[in-house]
Amino acid sequence: MNQASYSTEEILELVKECGTGNEKALEKFFDFYSQDIYNFPIRVFHLTEDDASDYYIYAFERLKSGKRFKSFVGKSSFKTWFFSVLRNLLIDWQRTKREVKTQTVSKVNQEGKEYSTIEDEPDRRADALAHAVDVSDQFQSVLSTIKMENRIVFKLSFVYYLHLEPDELLYVAEKTKRPEEEIRAEILKLREDLSNREEDNLKMEDKITSLYLNILDLKEQKKQKAQGDSVEAQYYKERLDHALTKKYEQRKKLIEKKQKGHFLVRTPYREIARILGISEGGVSVTLLRVLEKIQKKMHSVAGEP
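Residues numbered from 1 in each chain as written. Predicted model: local features only at pLDDT ≥ 70, side-chain atom pairs only at ≥ 80, totals over all residues. Heavy atoms only, no water.

**Details of the overall build of the protein**
When its secondary structure is counted, the protein shows 11 helices and two strands. Split into buried and exposed, the 305 residues of the protein put 34% on the buried side. Taking as baseline every contact in the protein between residues at least 6 positions apart, the subset at least 24 positions apart corresponds to 64%. Roughly 19,800 Å² of accessible area belongs to the protein as shown, and the carbon and sulfur atoms make up 50% of that amount. (Helix = DSSP H or I, 4+ residues; strand = E, 2+ residues; numbered from the N terminus. Buried < 20%, exposed > 50% of the residue type's maximum accessible area, 1.4 Å probe, protein only. Contact = heavy atoms within 4.5 Å. Areas by Shrake-Rupley, 256 points an atom, 1.4 Å probe, with all protein chains shown as cover.)

**A word on the confidence of the model for the protein**
When pLDDT is averaged across the protein, the result is 78; 79% of the residues are at 70 or more. The model gives residues 98–126 a pLDDT under 50, and that stretch makes 38 contacts with residues more than four places away or in other chains. (pLDDT = per-residue confidence, 0-100.)

**A few points about the nonpolar core**
A general trend in soluble globular proteins is that nonpolar side chains are found buried together. Formed by 30 residues in total, the largest nonpolar core has its most connected members in Phe29, Ile37, Tyr55, Phe78 and Phe82. Taken together, the elements giving at least two residues each to this core come down to α1 (8–19), α2 (23–45), α3 (49–63) and α4 (78–96). Excluding anything up to four places from it in sequence, Phe29 contacts Leu14, Val15, Cys18, Ser34, Phe69, Phe78 and Phe82. One finds Val159, Val265, Ile272 and Ile275 within the second-largest nonpolar core, a separate group that totals 18 residues. (Core = buried A, V, L, I, M, F, W, Y, C linked by side-chain atoms within 4.5 Å.)

**Structural notes on the pattern of salt bridges**
This structure, assessed with the given rule, holds 13 salt bridges. Between Lys64 and Glu61 there is a salt bridge whose closest N-O contact spans 2.9 Å. With a relative accessible area of 40%, Lys64 lands in the partly exposed category. By relative accessible area, which is 40% here, Glu61 ends up partly exposed. Its salt-bridge partner being Asp241, residue Lys237 comes within 3.0 Å of it at the nearest N-O pair. Taken together, the positions of Lys237 and Asp241, both in helix α9 (residues 231–259) and four residues apart, correspond to about one turn of that helix. Take Lys237: its relative accessible area is 33%, and that puts it in the partly exposed class. (Salt bridge = Lys/Arg side-chain N within 4 Å of Asp/Glu carboxyl O.)

**Some thoughts on the side chain of Arg151**
Tracing the backbone shows Arg151 in helix α6 (residues 148–157). Polar side-chain contacts of Arg151 include one of 2.7 Å to the side chain of Glu168. Residue contacts for Arg151: discarding those within four places in its chain leaves Leu143, Ser144, Ile146, Asp167 and Glu168. (Polar contact = N/O pair within 3.5 Å; in protein donor to acceptor, adjacent residues only side chain to side chain.)

**Some points on the environment of Leu47**
Looking at where Leu47 falls in the secondary structure, it is placed in the loop between α2 and α3. Judged by relative accessible area, Leu47 falls into the buried class, the value being 18%.

**Describing the packing of aromatic side chains**
According to the stated counting rule, one finds 20 aromatic pairs in the structure shown. Relative to Phe78, the ring of Phe29 lies with its centre 6.1 Å away and its plane at 85°, an arrangement referred to as edge-to-face. On the criterion of sequence distance, the pair formed by Phe29 in helix α2 and Phe78 in helix α4 is long-range, its members being 49 residues apart. Residue class for Phe29 comes out buried when judged on its relative accessible area of 0%. What makes Phe78 buried here is its relative accessible area of 6%. Look at Phe32 and Tyr33: their rings are 4.6 Å apart centre to centre, the planes differ by 75°, and that puts the pair in the edge-to-face class. Across this residue pair, the class does not change: Phe32 and Tyr33 are buried. One aromatic cluster is present, formed by Phe29, Phe30, Phe32, Tyr33, Tyr56, Phe60, Phe69, Phe72, Phe78, Trp81 and Phe82 through successive ring pairs. We note Arg62 situated over the ring of Tyr58; from NZ or CZ to the ring centre the distance is 3.6 Å. (Phe/Tyr/Trp six-rings, centres within 6.5 Å; stacked < 30°, edge-to-face > 60°. Lys NZ or Arg CZ within 6 Å of the ring centre and 35° of its normal.)

**A word on unusual backbone geometry**
In this structure, Lys177 takes a positive phi of about 55° despite not being glycine. Residue placement: Lys177 occurs in the loop between α7 (166–176) and α8 (180–225). Residue Lys177 is classed as exposed on the basis of its relative accessible area, which comes to 74%.

**Describing helix α10 (residues 269–276)**
Taken residue by residue, α10 has Ile272, Ala273, Ile275 and Leu276 as its buried positions. The buried residues of α10 occupy an angular sector of 165° when the element is viewed end-on, so they sit on one face. (Arc of directions from axis to C-beta.)

**Considering the environment of Glu280**
Turning to its location among the elements, Glu280 is positioned in helix α11 (residues 280–302). Given a relative accessible area of 45%, Glu280 falls into the partly exposed group. When the C-alpha positions of Glu280 and Tyr269 are compared, they lie 5.5 Å apart, and in sequence the two are 11 residues distant. With residues up to four places along the chain from it excluded, the contact list for Glu280 reads Tyr269, Arg270 and Ala273.

**Some words on the environment of Gln295**
You can see Gln295 is positioned in helix α11. Given a relative accessible area of 48%, Gln295 falls into the partly exposed group. Each C-alpha atom of the pair Gln295 and Val142 lies 9.3 Å from the other, and the pair is 153 residues apart in sequence.

The following block contains the structure:
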């Protein structure tokens, strides 16, 4: 059963029935959304298929009674609400595996008063997750329209994140006159080598988070120490303003690098050229053309001019 089988109104009615514990409604729901539940940890959190299978069982056991559906009151779209539920279930599941540890990030000022270093902000992650999945679906749809030989160059360029389909592996094998297993082994080895770069990228991501927490801490210190017109207050204000400016600048530069794609793990052209038996220049030109086509088609799908 595909998602085109139900209208929005029918989905909402189905969810309402699930909230009453109606077994037939719950059966229909899991038939309808089982693939979304399974794919959620893979597509959003990049977990393995084995982990996705374990997570699916965990989520199914906690959704099958229908009780959780009662919390959906229609203030947001069902998709947004459902991704939020799946995210929370994923966090709970990881905690059961002792893979996630939580703690309160707090500081103590000179007066002995504890304060939080996390600002109170509305949780918009569910909306972000729903948007991410929508964009992922659009991207995969657009990528499938690219000519196979060019699509393969693109996928190999980002092989740490993307997988070649069986027909694409067969195409490479026939073109290079080599066994599929040999090509598959080369790609797996390449992905392992690229994982070291991903570790460096994760460190940069952690650095952005660390700088954010530093900024919040400095702002709290400024609030506590730099109030009033005293010489001491002015001294702290000047020193903390300087420190804040420096931290903001460091964070801004890292975010700009991230937005420009510097945190993406990309395969060196020479490796792609070696696997496909073409020139590095050919790889570069093809990749540029594919990127232009994808960007143009993505904008078209999004309704942008």
